[in-house]
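Structure assessment
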Amino acid sequence: MLITSKAIVLNAIKYGDYDLIVKCYTEQGLRSYLVKRIFKATKGKLSPAFFQPLTQLEITANYNNNRSLHFIKEAKISTPYITIHNNVIKQTMMVFLSEVLSHALKEEEENQSLFSYLETAFQWLDSHSDTPNFHLVFLMNLTKYLGFYPEKGNQFLYFDLNEGKFTNHIISKLYISGKNLDYFKALLGTNFDVENELKLNKTNRHELLEILIQYFELHLPGFRKPRSLEVLKAVFN
């Protein structure tokens, strides 16, 4: 069955000498594809450049419900990025976030609101120049769609990462307080249009990012710290 759908590339792995296995988040959910002979010397319709991290595509694929790998017949870039590929910070953010999403997204069922969030977020990043906290706002808001977004609690002294809630009593060793708690609270309810108003220096930004990654590890079975995390930190130094 041929289906045409928007898709966002999560990762791509070379398979054999000429083929590529691509994991995408599509309008129908998580899907994996085998792209055959894409690295052959003779140029075909598809280019490896189509499958860079978080590229937005329109894919026509042959789907078979009895297979875990589907076959792409046609693909084109649906929303070309203008600034991301020329900006090392944005580019590194995209690699990092593609790794986060590859570990975080497991469900194959359709989730149109999540797809729209991803699509809109990366288009926003591409179209704005001052984006130092984009990845932090992105991760916090992503928790809404993954089911562990914290409820607001401005009056509380601690946030228990394991329980996922604010409290005035320390329940476990996995909690945040003080300045990091203030920054964590500030992220709640922040959207991309005001993300540059978060007054964070590089140390604050690194600590908050580590907290968010730990929060993901605690609430998503199988989630692991992205290997690109240290590279992302380095570009902000």
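The notes below deal with the structure included here. Predicted model, so just to flag it, every value in this text is computed and none were measured.

Moving on, we come to the nonpolar core. Counting residues in each nonpolar core, the largest one holds 55 residues, and the members touching the most others are Leu118, Phe122, Phe134, Phe138 and Leu139. Taken together, the elements giving at least two residues each to this core come down to β1 (2-15), α1 (88-104), α2 (112-127), α3 (134-146), α4 (178-187), α5 (202-219) and α6 (229-235). Of the residues forming this core, the biggest block, 8 residues, is contributed by α2. Formed by 17 residues, the second largest nonpolar core is a distinct cluster that contains Ile38, Phe50, Phe51 and Leu57.

A separate point is the layout of surface pockets. Considering only enclosed or pocket space, the largest pocket measures out at about 350 Å³ in volume. In this structure, the largest pocket is lined by 16 residues; those nearest its centre are Leu10, Asn11, Glu99, Ser102 and Arg227. The element contributing the most residues to the lining of the largest pocket is α1, with 5 residues. The class makeup of the residues in the lining of the largest pocket is 5 nonpolar, 5 polar and 6 charged. For the second largest pocket, the calculated volume is near 280 Å³. No other element matches the 3 residues that strand β3 (residues 29-35) contributes to the lining of the second largest pocket. Partitioning the lining of the second largest pocket into residue classes produces 4 nonpolar, 6 polar and 4 charged.

Mapped onto the elements of the fold, Thr60 is located in strand β4 (residues 56-62). Thr60 has contacts with Leu2, Ile3, Thr4, Phe71, Ile72, Lys73 and Glu74, leaving out every residue within four places of it along the chain.

Pairing within the closed barrel is mixed, and its 5 strands lie in the order β1-β2-β3-β5-β4. Strand-to-strand, the axes of this sheet are offset by a mean angle of 55 degrees, without reference to chain direction. Against the sheet, α2 engages β1, β2 (19-26) and β4, with an angle of about 65 degrees to β1.

Within the secondary structure, His135 is located in helix α3. Exposure remark for His135: the relative accessible area of 1% places this residue in the buried category. Along the primary structure His135 and Ser78 are separated by 57 residues, whereas in three dimensions their C-alpha atoms are 23 Å apart.

A separate point is the packing of α1 against α2. How two helices sit against one another is set out by the angle between their axes and by the gap between those axes. The contact between α1 and α2 brings their axes to 11 Å, and the two run at 165 degrees. In terms of axis orientation, α1 runs roughly antiparallel to α2. The hand of the α1/α2 crossing is right-handed. On the side of α1, the interface is formed by Lys90, Met93, Met94, Leu97 and Leu101, while α2 contributes Leu118, Phe122, Leu125 and Asp126. Tallied by class, residues from the contact of α1 with α2 come to 7 nonpolar, no polar and 2 charged.

Criteria and cut-off values
Residues numbered from 1 in each chain as written. Predicted model: local features only at pLDDT ≥ 70, side-chain atom pairs only at ≥ 80, totals over all residues. Heavy atoms only, no water. Core = buried A, V, L, I, M, F, W, Y, C linked by side-chain atoms within 4.5 Å. Buried < 20%, exposed > 50% of the residue type's maximum accessible area, 1.4 Å probe, protein only. Helix = DSSP H or I, 4+ residues; strand = E, 2+ residues; numbered from the N terminus. 1 Å grid on protein atoms, 1.4 Å probe; cavity = no way out; pocket = protein on both sides within 12 Å on 5 of 7 lines; lining within 4 Å. Points joined across faces, edges and corners; volume = space filled by probe spheres on them. Nonpolar A, V, L, I, M, F, W, Y, C, P; charged D, E, K, R; others polar. Contact = heavy atoms within 4.5 Å. Pairing = 2+ DSSP bridges. Axes fitted to C-alpha atoms, helices over the stretch in contact; angles between N-to-C directions. Parallel < 35°, antiparallel > 145°, perpendicular 65-115°, else oblique. Left-handed = near helix turned anticlockwise from the far one by under 90°.

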